[in-house]
Amino acid sequence: MSVLKALLDRWTWTMAWRDSQSTRGRLFLFSLSISLGVAALVAIDSLGGSVRQAIGQQAKTLLGADLVVTSRAPFTPQDEEWLGSLGGESARETSFSTMLTTTNGNRLVNARALEGDFPFYGQIETDPTTAAAAFHRGDGVVIEESLLQQFGLKAGDSVRLGKADFQVLGALRKVPGDSVAFGALAPRVYLPERDLDRTGLLKGVSLARYRRYFQLDSKVDAEKWVKEHESELRKRRLETDTVARRQRDLGRAMENLFRFLNLVALVALLLGAIGVASAVQVHLRRKLSSIAVLRCLGAPISATFAIYLAQALALGAAGSLVGIVLGLTASTGLPRLLQGVLPVSIQSQWEWTSAAIGGAVGMGICLVFTLLPLLEIRRVSPLAAIRAAYEPPRRRSLASWVVYGAMALAVAGFSGAQTPHWWEGFAFTGGLAVALGLLAGTATLIVQLARQLARLPLPFVARQGLASLHRPNNRTLLLLVSLGLGTFLIVTLQLTRTVLLEQLFPPGQKNGPNALLFDIQTDQREGLQALFQRLGLPVLNEAPVVTMRLQKVKEVPTEALVRKEGDPRDRGDRPPDWALRREYRSTWRTNLVEAEHLTAGSMSTAFVGEPSASNRVPVSVEANIAKELRVGLGDTLEFDIQGVPIPCVITSLREVDWRQLRPNFYVVFPTGVLESAPAMFLVATHLPDSQTSARLQRELGKAFPNVSTIDLATVLQTLEAILNKVALAIRFMAGLTAGTGVIVLIGAILSGRGQRVQEAVLLRTLGASRFQIREILFTEYAVLGLFSALTGIVLSVAASWALAHFTFEVNYAWSPGVLLAALVSVPLVTITVGILTSRGVADEPPLEILRQEGTG
Amino acid sequence: MTANFAAVSQPTILSARQLTKSYGRGPEALTVLKEVSFELGAGETLAIVGPSGSGKTTLLGLCAGLDTPTSGEVSLAGEPFSALDEDGRARVRNARVGFIFQNFQLLPSLTALENVMVPLELRSGTASREAARALLDQVGLGSRTHHYPTQLSGGEQQRVALARAFATRPQLLFADEPTGNLDDETAQKVVELIFSLNSAAGTALVLVTHDLELAARCQRTLRLKGGRVLTPV
Ligand SMILES: Nc1ncnc2c1ncn2[C@@H]1O[C@H](COP(=O)(O)OP(=O)(O)O)[C@@H](O)[C@H]1O
Ligand SMILES: [Mg+2]
């Protein structure tokens, strides 16, 4: 209370200002420790705000319509009539995969025959911009920009789809509802619907999608309509999408990303706060006699406390202010980084609330951390003024425990707000505390070790360097914690990235399958074989596929299991709808393939007889889908193949490595059941390069237009591009943390500089050369850097393993390269910064020093 | 005779009764001060002398309320310290006591003028620069007001400390070996200043020194050895 009163006193601030006289510059430098953390918070929050706003404002362009209804089969007249009752405007689209023929090559594309004024919100972006209008007039087609570039085509050229020729109107850049990445996966071609017949396509194509876009009356709420007509939609096998749903999905994904980034920013901020706190501690240690004198002169405890609290507050404010400026500046540049990843365009703007929040969090964390050294002020006895060596008894006071508690609460509170569950915030805080504890433990160990080692008959400079690690007022703990924490964070981010990339791009598949051909008709197999031979392509895998639907699970009809109107949301007590409703594409064989292994039961041999309830077909089910369907070994399933029921029993469970691009199946039948059912074939092959890929596409387009291809190489490239952008954001955060670590390092070295200079002067009077003094510094920073790196690396391996294992649920992938890089670079940076910051320590004229210290 | 008469006729400003100070507990305990008693009248001067380690600084610290005795009682202007908490003692110090130290103890980041202003500001929140400047003039440093301690010599620093000590017009001045860090000539000047300011303001003085010549300038002398009073006053 009296501290608050003292804080409001002008004199306190005057004294705080005067008292900082010779240290102002240095204090300001220390305050920068929290700036990068605050900057990160502000930038992330500001960007988050911009993105939220963009999603809100451009919500309707996320879909281009209020409601989209999709069907895998042409809309029946009844459907048309039912949907027609919705009113408003509507547009039709039929999309399918087909071959685009140009003078410069062929390529499988996603063709979209459009009729009507879609998009109702936003625009189809084209180059030239007039192309979109020309397309709506029906003048020709617009084609994915990347494809035009690939084939060197331009507006006015002619292309062929099926049997019809079209004029190219321009390049397609963006369509509301599609992410940019979508176009890279399957290049889009828009053609007028009335030209669809002319192409003669859509005859043998089984995989067309039919869409209806609606612009509804303002009175009709799409979301509500969908909810009310859920069962009707299900009965008609229609799928829907609404603006609200898109908004929710996108929002959720973005929130997760921002939360994750916020946690990283928090760690950077904490690191900075530790730096500021330790700087304040050093600062106060120098002020002990001043504090004692003030007390002799009659200043109450609260007044002296308030003076230094005021300084700490100013420190926090200065650091936060710089952070806010940096953060706002960064937030104007960040949207460009996210372009192409987000389906909305972000207007960068200065979010003042973000600035306020970031500043407040920065100030708050900084204050809580600096309170710890500040509390020591209250124990400074005025006696210290007359007896210099007087040491106050060192026992943790109740107040300091309260501060520790406040620290933990502040961190847990902030992180709890960032994570979906509060306990995750506590887990995060606990993990952080463990990391800090381990680093502090290592520091203590080093101090002990250095003490022991310094006794060994080592060279003089080595002994001196080691001695600096354990002598009084050493900075070993602070440096180890800040460097180690920085290393820990950066290496963890890097390792996790590697883990995720490995998951997507498993190594050692040089000649493995990277392309998949599907929808091959039985009578096309021989021709295709010949084509492969001509192109020198291997058939790495071939499998027949029969499409079926699930009829019963453990004798219960699926219709009874799916969610009814008014049912509570899935709580895990029954299989999810998608698993019950999906089309199962199954194969038959009696052996396992390379990417599989059994987890229970055994593969069955040939099936004999007619499938019936008493003679069930033994099938092998993939482990994950079995879990979703809540079935296990011995449970029964019943499939429906074009009206024929096939009663089955599960006799084995398989685990499948889905990363391998092979024909992988949820359900595998034995021989003797499906042979007579209408089957299509899947073939996996390896395409050595993009030329072969283009040639195959061309040949397929000519001879087997119904066959579709997935070229993994292209897909992976696109995914990698997106991942790289996310990785860039993460690396940006890691960079901020590293920057904070370096600032703390500089601060720590500077704050110990006075003592250093004195030692150097003393050593030089005793005959040490400057070179020897530098060697001493080198030894010290090399040991610090090395141990920080080691501790950080051990921690990060543990953390990234835990992340891989528990959060992402993937296999851990070792990346010795990252570890080695950290092991080399951290000591290197430490030594470089250390030597640079200590520059001049060996050059100060001794007399000057002796004079200064006489009056300190 | 006069001294004794003064002591009796003046009201008591400082009284120490049976002061004992021990460090540690049990058999390890080290008693550095044993049953020291004395009284000091307003405006009176007392020298505490004794060899190094005899407990002079300890006694001064107790008298100024910087530390608490193991047993015994100190009263300043009739107010016993034991009845006050730390902030209460600080208030008494600010109101009635001035200090000068062997190592000067100026606040290093404050100018000479600001150093003199601090006790006044502590008292009333503000201080007149003029009053502080006048005090610096009095100690002969009127031209050095904006210099920082590092820019002043030892003697000059001690004179600033003197100005600071007298800024609040204290009733009692404590000086712990004020000339211990000064050369003879400078010491002489500082001593003259102490005594002239002292008599001008009517301040009582407790002066710790091992310089017997300096002690002789005080009205009374208290000799300490091994924490005990050799010559009772
Ligand atoms: N905190 C302490 N713990 C133990 N002994 C102390 C402490 N402070 C002072 N002493 C001892 O008390 C004795 C008196 O010290 P001091 O009053 O400083 O002597 P003087 O000022 O006469 O030289 C010395 O022997 C000193 O070692
Ligand atoms: Mg002494």
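Higher on the page you've got the structure.
None of the values given here were measured: they were computed from a predicted structure. (Residues numbered from 1 in each chain as written. Chains lettered and ligands numbered in written order. Predicted model: local features only at pLDDT ≥ 70, side-chain atom pairs only at ≥ 80, totals over all residues. Heavy atoms only, no water.)

1. Brief notes about the overall build of chain B
We apply this condition: A run of H or I in DSSP counts as a helix once it spans at least four residues, and a run of E counts as a strand once it spans at least two, with each numbered from the N terminus. Should any heavy atoms of two residues lie within 4.5 Å, those residues are counted as being in contact.
When helices and strands are tallied, chain B shows eight helices and 10 strands. Considering only residue pairs separated by 6 or more positions, chain B has 70% of its internal contacts joining residues 24 or more positions apart.

2. Looking at the overall build of chain A
Quick reminder of the rule: Method for areas: the Shrake-Rupley scheme with a 1.4 Å probe, in which residue coverage is limited to the protein chains shown.
Per the secondary structure count, chain A includes 28 helices and 21 strands. Intrachain contacts of chain A at a sequence separation of at least 6 include 81% that bridge at least 24 residues. Split by element, the accessible area of chain A, about 39000 Å² in all, is 58% carbon and sulfur.

3. Focus: the nonpolar core
Spelled out, the test is: Here, nonpolar core means buried Ala, Val, Leu, Ile, Met, Phe, Trp, Tyr and Cys residues that are tied together by side-chain atoms lying within 4.5 Å of each other. Accessibility here uses a 1.4 Å probe with only protein chains present; expressed as a share of the type maximum, an area under 20% marks a residue as buried, one over 50% as exposed, and anything in between as partly exposed. The source of the domain bounds is an automatic or database domain assignment.
In terms of nonpolar packing, the biggest core is built from 142 residues, with B:Leu14, B:Phe38, B:Leu59, B:Val118, B:Leu172 and B:Phe174 touching the most fellow members. Ranked by the residues each element gives to this core, the list is headed by helix H12 (residues 243-296) of chain A, at 23 residues. Two domains each put at least three residues into this core: domain 1 (1-64 + 244-435) and domain 3 (454-508 + 713-856) of chain A. In this view, B:Leu59 contacts B:Leu19, B:Leu33, B:Val36, B:Phe38, B:Ile48, B:Leu222 and B:Leu224; residues no more than four positions away in its chain are not counted. Residues B:Phe104, B:Ala112, B:Leu120 and B:Ala161 belong to the second largest nonpolar core, which totals 38 residues.

4. Quick look at the interface of chain B and chain A
Applicable threshold: Accessible surface is computed with a 1.4 Å probe, and the buried area is the amount of it that two parts give up when combined, taken over both parts together. Salt bridges, as used here, are contacts in which a Lys or Arg side-chain nitrogen is within 4 Å of a carboxyl oxygen on Asp or Glu.
Tallying the contact residues gives 32 residues for chain B and 27 residues for chain A. In total, chain B and chain A occlude about 2700 Å² of area from one another, counting both sides; carbon and sulfur atoms represent 60% of this. Summed over the three residues of chain B that lose the most area to chain A, namely B:Leu66, B:Ser109 and B:Leu122, the buried surface amounts to 20% of that side. On the surface where chain B and chain A come into contact, there are three salt bridges.

5. Points about a negative patch on the surface
All names here are of chain B. In plain terms, the rule: In this analysis, a patch consists of residues with relative accessible area above 30% that form no salt bridge, clustered at 9 Å for like charges and at 5 Å for the nonpolar side chains Val, Leu, Ile, Met, Phe, Trp and Tyr. Positive charges are assigned to Lys and Arg, negative charges to Asp and Glu, while His and the chain termini are left out of the count. The atoms used to mark charge sites are NZ of Lys, CZ of Arg, CG of Asp and CD of Glu.
Taken together, Asp183, Asp184, Glu185, Asp211 and Glu213 make up a surface patch of like negative charges. You can see Asp211 is positioned in the loop between strand E8 (204-208) and helix H8 (212-216). The exposure class of Asp211 is partly exposed, given its relative accessible area of 34%.

6. As for the environment of A:Thr492
Residues and elements named next belong to chain A. The condition is simple: Side-chain atoms alone can form a polar contact between residues adjacent in sequence; in general such a contact is a pair of N or O atoms within 3.5 Å, and within protein one must be able to donate a hydrogen while the other accepts it.
Of note, Thr492 is situated in helix H18 (residues 476-504). Under the relative-accessibility criterion, Thr492 is labelled buried at 9%. Here the alpha-carbon distance between Thr492 and Ser800, two residues 308 residues apart in the chain, equals 5.5 Å. Sequence-distant contacts of Thr492, defined by excluding residues within four places in its chain, comprise Thr487, Ser796, Ala799, Ser800 and Leu803. In terms of polar contacts, Thr492 uses its side chain to reach the backbone carbonyl oxygen of Phe488, at 2.5 Å.

7. A closer look at the site of ligand 1
For clarity, the threshold we go by: Near, as used in this document, describes a residue that has one of its heavy atoms within 4 Å of the molecule or strand being considered. Amino acids are sorted into nonpolar (Ala, Val, Leu, Ile, Met, Phe, Trp, Tyr, Cys and Pro), charged (Asp, Glu, Lys and Arg) and polar (every other residue, Gly among them).
All residues in the neighbourhood of ligand 1 are listed as A:Arg387, B:Tyr23, B:Leu30, B:Val32, B:Pro51, B:Ser52, B:Gly53, B:Ser54, B:Gly55, B:Lys56, B:Thr57 and B:Thr58. Among the chains of the assembly, those with residues near ligand 1 are chains A and B. A distance of 2.8 Å separates an oxygen atom of ligand 1 from a polar backbone atom of B:Gly53. In this structure, an oxygen atom belonging to ligand 1 sits 3.0 Å away from a main-chain N or O atom of B:Gly55. Looking at the shell around ligand 1, the elements with two or more residues in it are strand E2 (30-41) and helix H2 (56-63) of chain B. Its residues placed into classes, the shell around ligand 1 shows four nonpolar, six polar and two charged.

8. Considering the pattern of salt bridges
All names here are of chain A. In total, this model carries 30 salt bridges over all chains according to the counting rule given. Among the salt bridges present, the one from Arg173 reaches Asp127, with a minimum N-O distance of 3.8 Å. Of this pair, Arg173 sits in strand E7 (residues 164-174) while Asp127 sits in strand E4 (residues 125-127); the two residues are 46 residues apart in sequence, bridging distant segments of the chain. Judged by its relative accessible area of 37%, Asp127 is partly exposed. Residues Arg549 and Glu583 are paired through a salt bridge, measuring 3.8 Å at the closest nitrogen-oxygen approach.

9. Some details on the packing of aromatic side chains
Each aromatic ring pair is summarised here by two numbers: the centre-to-centre distance and the angle between the ring planes. Quick note on the threshold: Stacked, tilted and edge-to-face pairs are distinguished by plane angle, under 30 degrees for stacked and over 60 for edge-to-face with tilted covering the rest, among Phe, Tyr and Trp rings (Trp via its six-membered ring) whose centres lie within 6.5 Å. Remark: a charge is flagged as sitting over a ring if the NZ atom of Lys or the CZ atom of Arg is within 6 Å of the ring centre and within 35 degrees of the ring normal.
For the structure shown, the criterion picks out 10 aromatic pairs over all chains. An angle of 25° between the planes, with centres 3.8 Å apart, marks the rings of A:Phe118 and A:Tyr213 as stacked. Here A:Phe118, found in the loop between strand E3 (105-115) and E4, pairs with A:Tyr213, found in strand E9 (residues 209-215); they are 95 residues apart in sequence, far enough to count as distant. The residues A:Phe118 and A:Tyr213 share a single accessibility class, namely buried. Ring geometry for A:Tyr584 and A:Phe639: centres 5.7 Å apart, planes at 65°, overall edge-to-face. Remark: A:Phe639 occurs in strand E17 (residues 636-641) and A:Tyr584 occurs in strand E14 (residues 583-588); sequence separation between them is 55 residues. Residue class for A:Phe639 comes out buried when judged on its relative accessible area of 1%. Ring pairing ties together the aromatic residues A:Tyr584, A:Phe639, A:Tyr666 and A:Phe669, which thus form one cluster. Against the face of A:Phe75 rests A:Arg212, its NZ or CZ located 5.5 Å from the ring centre. Note that B:Arg217 overlies the ring of B:Phe195, its terminal NZ or CZ placed 4.8 Å from the centroid.

So far we have only geometry, and geometry alone does not tell us how the molecule works.
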